[in-house]
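The chain contents come next:
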Amino acid sequence: MLDVTKIRKDFPILNKDDGLIYLDSAATSLKPKKVIDAVLAYYQDYTANIHRGDYRLSLMASELYDKARENVADFVNVSATEIIFTSGSTASLNQVAYQFGLDILQAGDVILTTETEHASSILPWYQVAKKINAKIEYVPLNNEGLITIENFTKAMHDQVKIVVTTHVSNVLGHVNPIKELARITHDHDGYIVVDGAQAIPHMLIDLKDLDVDFYAFSGHKMLAPTGVGVLYGKRCWLDKMLPLFYGGGSNARFDKQGNITLKNTPEKFEAGTPSIEGVLGLSAAIDYLRDIGMDNVLMHEEELSKYLLTKLHELNNVIIYNPSVKSGIIALNVKNIFSQDVAAYLDHHHIAVRSGNHCAKILNNVIQVTDTIRCSLYIYNTKEDIDEFIRVLKDVTLEKCIDLII
Amino acid sequence: MSEMLKDPMILRQLIMDHYEFPRNHGLVDDTTYSQKHMASESCIDDIVVQVKIIDDKIIDIRFDGVACTISTASTSMMTELLIDKTRLEAKKIIEAYFMMIDNQRYDEAILNEAIAFSNVYKQPNRIKCATIGWKAIKELIEEGEVNE
């Protein structure tokens, strides 16, 4: 079990007097003091660039940076040489599309994906497909927006070179069966690229077991600072890939003729001074999550999600778009009130949710609605948060939404 | 009229009415109209505004799209206010509206029921909603002048 009261004390933003009810962790998570302190410590105690100074502070920063990489690798059960630090999932996924996809795809090849993808997962592949005349195909989703193994198997064929999929949908919260999808993809000699941004913060991920080729995630959704993320790739692919950026720190030597000797994986991908504070913060976030236990995180969210769904079902003015979801992402609307108006009304009651189409624009075709309210839960949320959310939802009317602006 | 427009109940009813029964709603397939698609301002509101101007006079305005209460109602009121106005008159009204949204001094009389949005500045996250249709018509009028 997870001690929410104790956890909430660790989050400074939850300990102000404004009664914030934060239900938008799928956009970004709040940050615990441990993470904030790790960032502060870097600036207050050992500011120095990494891997290029012969003095004590630089060695200390370098050592902590390298340890952070090992910590991340250990968290997802892979080798530290397979972990590339990026600015976030978006940068990670673009890097795979441009530096791997462009290289291995040929005209006529198929990129198989889904209609639940986040813009950051699919837009780079649209660009790649355009450049080399590859085709984009979609796995048919079932009526709840889920990829089933059956549908995936049917959609798979030998022209499919790359499968691009999210691990957990950022709108509907469904968890895709990645391990099976990877197996089927590999049976067809394809590669699978997974957007793990909404999965990593909420469940224990064993990348070795999932056997995916690439996996991307962001720090800021898992308690870490913004501006840092990870690209995991199997060592054999990373070694073949060229970096997207060239510059300091990623090369061993170069000459006037333009000959460049790149460093090894993963350093060759990290040109320029990275977000050192971000990486150290990410490591602290992982320590924090590990202390709580990812099993406890998952159990807490599933319990809250179940509670929220039960309470939502009791309301007759609410439509739920993913009633069978188990994760902490719930998509809904209040009947006859535009999502943004409801979100503003919730904000008036100190409840933070997201309204709109959540960067997954093509999902509209699946759930037959252009925009929703997304409520997303995390370790610091309580049943009391949900009770208040439900109370305000029950109470909302178009008139009350309008009254806020007159 | 202006006294009535100070009553919050009346203002609420006005906004509700323009939201539920938007005026000049639905686009026309007519090349004599110029049109503006306002989709890149935010990822929620997505509206199209059309205008027909002949001899410096706004003959008609139409709009449609996916939008919240405030976007829909403010755009609906805009169409009613600006149809049959000359370009110069329309520009004055538009300027007054943006002054109001910016919480500056403005000419109440020419805004008529659009003053229902005079307090939007207190909700900064809704300013985009209250101005999306107005920005569209402003740009359409300006572009029309450049083209002549």
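Refer to the preceding data block for the structure.
This write-up is about the structure you can find in this document.

Basis of the calculations
Residue positions within a chain follow its written sequence, with the count starting from 1. Note on labels: chains are lettered from A, ligands numbered from 1, in written order. In view of the model being predicted, local features appear only for residues whose pLDDT reaches at least 70, and side-chain atom pairs are presented and counted only at 80 or more, with totals across whole chains, interfaces and linings using the full set of residues. In computing side-chain properties, one takes all heavy atoms of the structure into account and sets aside hydrogens as well as water. To qualify as a helix, a DSSP run of H or I must reach at least 4 residues; to qualify as a strand, a run of E must reach at least 2; elements of each kind are numbered from the N terminus. The quantity called the radius of gyration is restricted to C-alpha atoms. Its globule counterpart is 2.2 Å times the number of residues to the power 0.38. Exposed residues in this analysis have more than 50% of their type's maximum accessible area, buried residues have under 20%, and partly exposed residues fall in between, with area computed by a 1.4 Å probe over protein chains only. Any two residues whose heavy atoms approach within 4.5 Å are treated as being in contact. Per-residue and other accessible areas were derived by the Shrake-Rupley procedure at a 1.4 Å probe size, with only the shown protein chains allowed to occlude residues. Positive residues here are Lys and Arg, negative ones are Asp and Glu, while His and the chain termini are left out of the count. Charge positions come from single atoms, namely NZ of Lys, CZ of Arg, CG of Asp or CD of Glu. Salt bridge, as used here, is a side-chain nitrogen of Lys or Arg placed within 4 Å of a carboxyl oxygen of Asp or Glu. When residues are sorted by character, Ala, Val, Leu, Ile, Met, Phe, Trp, Tyr, Cys and Pro go into the nonpolar class, Asp, Glu, Lys and Arg into the charged class, and all the rest, Gly among them, into the polar class. Relevant arc is that of directions from the helix axis to the C-beta atoms, nothing else. Should DSSP find at least two bridges between two strands, the strands are regarded as paired. Only C-alpha atoms enter the line fits that serve as axes; for helices the fit covers just the stretch in contact. Angles between N-to-C directions range over 0 to 180 degrees.

## Details of the overall build of chain B
When helices and strands are counted, chain B shows five helices and three strands. In chain B, the succession of α and β elements from N to C terminus is α-β-β-β-α-α-α-α. Computed over its C-alpha atoms, the radius of gyration of chain B comes to 14 Å, within 12% of the 15 Å expected for a compact globule of 148 residues. Dimensions of chain B along its principal axes, counting C-alpha atoms only, are 40 × 30 × 25 Å. Taken across its 148 residues, chain B has 46% of its residues classed as buried. Intrachain contacts of chain B at a sequence separation of at least 6 include 58% that bridge at least 24 residues. If you sum the accessible surface of chain B, you get close to 7400 Å²; carbon and sulfur atoms cover 50% of it. The centroid of the 17 positive side-chain charges in chain B is displaced by 4 Å from the centroid of its 26 negative side-chain charges.

## What to know about the interface of chain B and chain A
Taken together, the contact between chain B and chain A spans 23 residues of the former and 19 residues of the latter. Between the two partners, chain B and chain A, sit two salt bridges. Across the pair Arg 12 of chain B and Asp 403 of chain A runs a salt bridge whose closest N-O atoms are separated by 2.8 Å. By residue number, the principal contributor to the side of chain B that touches chain A is helix 1 (residues 8-20) of chain B, which donates seven residues. Here the side of chain B that touches chain A is composed, by residue class, of 15 nonpolar, four polar and four charged.

## A word on the pattern of salt bridges
Evaluated as defined, the whole model comprises 25 salt bridges over all chains. For the salt bridge of Lys 400 of chain A with Asp 395 of chain A, the shortest nitrogen-to-oxygen distance reads 3.2 Å. For Lys 400 of chain A, a relative accessible area of 30% corresponds to the partly exposed category. Linking Arg 87 of chain B and Asp 56 of chain B is a salt bridge whose minimum nitrogen-to-oxygen distance equals 2.9 Å. Of this pair, Arg 87 of chain B sits in helix 3 (residues 87-101) while Asp 56 of chain B sits in the loop between strand 2 (46-54) and strand 3 (57-66); the two residues are 31 residues apart in sequence, bridging distant segments of the chain. Judged by its relative accessible area of 4%, Arg 87 of chain B is buried. If you follow the salt bridges from partner to partner, you end up with Asp 74, Asp 287 and Arg 290 of chain A in one network.

## A closer look at helix 7 (residues 178-187) of chain A
All names here are of chain A. Listing the buried residues of helix 7 in full gives Ile 178, Leu 181, Ala 182, Ile 184 and Thr 185. Relative to the axis of helix 7, the buried residues are bounded by an arc of 165 degrees and lie together on one face. The inward-facing, buried residues of helix 7 contact helix 6 (149-155), strand 5 (160-166), strand 6 (191-195) and helix 8 (207-210). The first or second residue beyond helix 7 is Asp 189, which carries a positive phi of 60 degrees.

## So, the pairing of strand 2 of chain B
Residue and element names in this part refer to chain B. Here five bridges tie strand 1 (residues 34-38) to strand 2, and the two strands are oriented antiparallel to one another. Counted as the bridge partner of Met 38 is Ile 47 from strand 2. Counting the residues that bridge the hairpin from strand 2 to strand 3 gives two residues, and of these Asp 55 lies at a positive phi of roughly 50 degrees.

## Here we look at the sheet that holds strand 5 of chain A
All names here are of chain A. Strand order in the open sheet made by the seven strands is 2-8-7-6-5-3-4, with mixed pairing throughout. Two strands lie at the open edges of the sheet, namely strand 2 (83-86) and strand 4 (135-138), each paired on one side alone. Strand-to-strand twist of the sheet, defined as the mean angle between neighbouring strand axes without regard to direction, takes the value 20 degrees. Taken together, the four bridges between strand 3 (residues 110-113) and strand 4 define a ladder with parallel strand orientation. Residue pairing for strand 4: Thr 113 is matched across the bridge by Tyr 138. Of the strands in this sheet, strand 3, strand 4, strand 5 and strand 6 touch helix 5 (residues 119-132), which is tilted by about 145 degrees from strand 4.

Honestly, it's all geometry; don't read function into it.
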